[in-house]
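Results of the structural survey
Given next are the chains, with one letter for each unit.
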Amino acid sequence: MELFNNGQHVCLAFRDLVTGGEAVQANQFLVFDHDHAALIDPGGELTYSRLFLAISDYMNVKNLDYVIASHQDPDIVASLNKWLVGTEAKVVVPELWERFIPHFTRPGKISNRLIAMPDQGMNLQLGSINLKALPAHFLHAEGNFQFYDPVSKILFSGDVGANLCPETELDEPAKKLSDLLPYMDGFHKRYMNSNKVCRFWANMVRQLDISMIVPQHGRAMVGKAIEQFIDYMENLDCGVDLFTQENYQIP
Ligand SMILES: [Fe+2]
Ligand SMILES: [Fe+2]
């Protein structure tokens, strides 16, 4: 699905490469700018071959600049070794997980192919743009990033905003948050770490001009849903906020 296209700059979402019901639905993203390209959150073993083929429709996949992993989960990075072997891309990962990622790869494969994102985030040069890696730590992973594209104004929000909606609705961005809440509330209450970090995140992203929030699972958000979702996060009690001694009893 094309999220944005002005001829020089294109954002694509791949939504249905994981099928069969056992694995969680996941989106993968490609950002092109002036013949340069970044793949965001490539996914697990299940997506590699089909994603490689799908990208081939648009470019010579060997020329990918970056394969970016927002955090260390299997639905994000399990295919990393295949991308290292199959392309010349640099692999971009949170600094916090830098020493864990080589466990997904063969010895020696990763040296001088790795860019570690420092905790405070960074600008990644891609063609004529700087793709912004924004800190999203503890939402949910301890070291975690989101990506903001200044041309399309899309925020690729990773697991923040994830909604496990019916597959028939995937291509339709939500205009109001109430359409997504039944599919996201339980996930955010458990997987997001605490209200404190949700508020820091809300304060940070309110400074951005956002046209669309696109999570790694489920539907995108546009229009009023963007502001409504940021308000939702700001007010969310979640993770350790909700845990008590009751949750720590010897079974
Ligand atoms: Fe995750
Ligand atoms: Fe995920």
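Read on for a plain summary of the structure. (Residues numbered from 1 in each chain as written. Chains lettered and ligands numbered in written order. Predicted model: local features only at pLDDT ≥ 70, side-chain atom pairs only at ≥ 80, totals over all residues. Heavy atoms only, no water.)

1. Looking at a nonpolar patch on the surface
Taken together, the side chains of Leu242, Phe243 and Tyr248 make up a nonpolar region of the molecular surface, amounting to roughly 310 Å² of accessible area. Along the polypeptide, Phe243 turns up in the segment after α6 (224-234). For Phe243, a relative accessible area of 30% gives the class partly exposed. (Patch = residues over 30% accessible without salt bridge, like charges linked within 9 Å, V, L, I, M, F, W, Y side chains within 5 Å. Areas by Shrake-Rupley, 256 points an atom, 1.4 Å probe, with all protein chains shown as cover. Salt bridge = Lys/Arg side-chain N within 4 Å of Asp/Glu carboxyl O. Helix = DSSP H or I, 4+ residues; strand = E, 2+ residues; numbered from the N terminus. Buried < 20%, exposed > 50% of the residue type's maximum accessible area, 1.4 Å probe, protein only.)

2. Focus on the sheet that holds strand β8 (residues 122-126)
Here we have five strands laid out as an open sheet, ordered β8-β9-β10-β11-β12, and mixed in their pairing. Looking at the sheet topology across the chains shown, the edges are occupied by β8 and β12 (212-215). Across the sheet, the mean angle separating the axes of adjacent strands is 25° when strand polarity is ignored. In terms of strand pairing, strand β11 (residues 154-158) meets β12 through four bridges, oriented parallel. From the neighbouring strand, Phe156 faces β12, where its bridge partner is Val214. (Pairing = 2+ DSSP bridges. Axes fitted to C-alpha atoms, helices over the stretch in contact; angles between N-to-C directions.)

3. Observations concerning the coordination of the iron ion (ligand 2)
Every protein donor of the iron ion (ligand 2) is listed here as Asp75 (OD), Asp159 (OD), Gln216 (OE1) and His217 (NE2), and their distances to the metal cover 2.1 to 2.4 Å. Each of the four donor atoms around the iron ion (ligand 2) contributes to a set of angles spanning 82 to 171°, which defines the coordination as irregular. All donors to the iron ion (ligand 2) come from one chain, and their sequence spacing reads D-x83-D-x56-Q-H. Between the two metals, the iron ion (ligand 2) and the iron ion (ligand 1), the spacing is 3.5 Å, and Asp159 donates to both. Placement of the pair is Asp159 in the loop between β11 and α4 (181-191) and His217 in the loop between β12 and α6, with a sequence separation of 58 residues. Comparing Asp159 with His217, the two get one shared label, buried. (Donors = N, O, S within 2.8 Å, 3.2 Å for Na, K, Ca; no water. Tetrahedral: all angles 85-135°; square planar, octahedral: opposite > 155°, others 65-115°.)

4. Side note on the sheet that holds strand β4 (residues 36-40)
One open sheet accounts for seven strands, arranged β1-β2-β3-β4-β5-β6-β7; its pairing is mixed. Both outer strands of the open sheet, β1 (2-5) and β7 (114-117), are each paired with one neighbouring strand and no more. Strand-to-strand twist of the sheet, defined as the mean angle between neighbouring strand axes without regard to direction, takes the value 15°. Judged from the four bridges that link them, strand β6 (residues 90-94) and β7 form a sheet pairing that is parallel. When the sheet's bridge partners are listed, Val92 is paired in β7 with Ile115.

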